Amino acid sequence: MSDIVVPELKMNDGNSIPALGFGTYKLNGSEGVETMVNAIQAGYRLLDSAFKYENEGAVGEAIRRSGVPREELLVTSKVPGLRHRYNEALYSVEESLYRAGLDYYDFYLIHWPNPSQDLFVEAWQALIEARKKGLVRSIGCSNFLPEHMQRLMDETGVAPAVNQVELYPYFIQQEQRDWHAQHGIITQSWSPLGRDSSAMQEAGIKAIGDKHGKSAAQVILRWHVQLGAVPIPKATSPARQLENISIFDFELSPEEMAAISAFDRPDGRRKDQHPAYYEEY
């Protein structure tokens, strides 16, 4: 077991979230279980999954095999796009628990807003009910724009605890993050290192890493943490898992933070992120 301790951030619902988590997308079957067990033993305490990933059972099995008590781990899953109607969303939470063999989820999110369906408020009401029933501890969103979250708050009076968005040095989401901060919502970063390795090849980022004796990936993940965002990188090799979590023993200067943020560019967002991007089926 690793002795790395990940700091925690307080959320608007009174619960806490680790400052870094572990992504499980495409980690399935026995290999996925082994990868997740390694991650837990490396020190990760937040595991991010989704109904749509079809690996909630593997996540539950990894928890049972890890040797770490369930209460020390925080587990996330998400309502899929086609199950936003109230009863279907509530059933999704229950099915997720059955799949994983868990009594509760620490986080349950709406995976996509699917604004053309206009049912995400109904799904949110179901998550509020799931929280009342003790099926989940905290509720939030993924890929929601400020206008979507404002509707949730206006119509239910309940703010998301977190919102997961794509965030990395080419796409720093300044306005989105500012809105989150104004409303006490934690930003979680998916694809925190980018969808390819190009950001990690930037000479400026490598130079910052050389100064601190860290890799480019560690510099980028540290940048997320100092932005106040919670990155959820995925890595299959134990060595890379340990590298990604070993970012709490150094600090970037304000100048270094600004230099990394300066890589932001108009085409940093995925090419398919037009309005229809916020639909998922």
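You'll find the structure just up there.
Residues numbered from 1 in each chain as written. Predicted model: local features only at pLDDT ≥ 70, side-chain atom pairs only at ≥ 80, totals over all residues. Heavy atoms only, no water.

Engineer: I'd love a proper account of the overall build of the protein, names of residues and values included.
Structural biologist: Looking only at helices and strands, one finds ten helices and ten strands in the protein. Relative to the globule expectation of 19 Å for 281 residues, the C-alpha radius of gyration of the protein, 18 Å, shows essentially globular dimensions. Based on the C-alpha atoms only, the size of the protein along its principal axes is roughly 55 × 40 × 30 Å. Here the protein holds 281 residues, and 56% of them are scored as buried. A separation of at least 24 residues holds for 74% of the contacts in the protein among residues at least 6 apart in sequence. Total accessible area on the protein is roughly 11,900 Å²; 48% of this is exposed by carbon and sulfur atoms. Considering the protein, the positive charge centre built from 28 side chains and the negative charge centre built from 38 side chains are found 2 Å apart. (Helix = DSSP H or I, 4+ residues; strand = E, 2+ residues; numbered from the N terminus. Rg over C-alpha atoms; globule rule 2.2 N^0.38 Å. Buried < 20%, exposed > 50% of the residue type's maximum accessible area, 1.4 Å probe, protein only. Contact = heavy atoms within 4.5 Å. Areas by Shrake-Rupley, 256 points an atom, 1.4 Å probe, with all protein chains shown as cover. Lys, Arg positive; Asp, Glu negative; His and termini not counted. Charge placed at Lys NZ, Arg CZ, Asp CG, Glu CD.)

Engineer: Before we move on, can you summarise helix H4 (residues 120-132) with the specific residues and values?
Structural biologist: Between its terminal C-alpha atoms H4 stretches 18 Å, which fits the 18 Å expected from 13 residues at 1.5 Å a residue. If you check which residues of H4 are buried, you get Phe120, Val121, Ala123, Trp124, Ala126, Leu127, Ile128 and Ala130. The secondary structure elements touched by the buried residues of H4 are strand E5 (74-79), helix H3 (86-100), strand E6 (105-110), strand E7 (136-142) and helix H5 (146-156). (Expected span 1.5 Å × (residues − 1).)

Engineer: Break down the sheet that holds strand E9 (residues 186-190) for me, with residues and values.
Structural biologist: Across the sheet, which stays open at both edges, the eight strands sit in the order E3-E4-E5-E6-E7-E8-E9-E10 with parallel pairing between neighbours. Only two strands of the sheet have a single partner each, and these edge strands are strand E3 (22-23) and strand E10 (230-231). (Pairing = 2+ DSSP bridges.)

Engineer: A description of the side chain of Ser92 should follow, citing residues and the corresponding values.
Structural biologist: As for its position among the elements, Ser92 is in helix H3. With residues up to four places along the chain from it excluded, the contact list for Ser92 reads Phe51, Pro80, Arg83 and Tyr108.

Engineer: I'd like a rundown of the pattern of salt bridges, residues and numbers included.
Structural biologist: In the structure shown here, the tally under the stated rule is eleven salt bridges. Between Arg65 and Glu61 there is a salt bridge; the shortest N-O distance is 2.8 Å. Taken together, the positions of Arg65 and Glu61, both in helix H2 (residues 56-66) and four residues apart, correspond to about one turn of that helix. Owing to a relative accessible area of 52%, Arg65 belongs among the exposed residues under this scheme. Between Arg151 and Asp118 there is a salt bridge, with its nearest N and O atoms 2.5 Å apart. Taken together, the positions of Arg151 in helix H5 and Asp118 in the loop between E6 and H4 put the pair 33 residues apart, joining distant regions of the chain. Judged by its relative accessible area of 43%, Asp118 is partly exposed. (Salt bridge = Lys/Arg side-chain N within 4 Å of Asp/Glu carboxyl O.)

Engineer: Could you give me a rundown of helix H9 (residues 238-245), with the residues and numbers involved?
Structural biologist: If you check which residues of H9 are buried, you get Gln241, Asn244 and Ile245. In a view along the axis of H9, the buried residues occupy a sector of 90°, so they form one face of it. Looking at the buried side of H9, the elements it contacts are E3, helix H1 (29-42) and helix H8 (216-227). (Arc of directions from axis to C-beta.)

Engineer: Explain the environment of Leu221 to me, using residue names and the numbers behind them.
Structural biologist: By the element assignment, Leu221 lies in helix H8. Look at Leu221 and you get buried, because its relative accessible area is 0%. If near-sequence neighbours (up to four positions away) are discounted, Leu221 is found in contact with Pro192, Leu193, Pro231, Pro233, Asn244 and Ile247.

Everything listed here is a matter of coordinates, which is why it stays silent on function.
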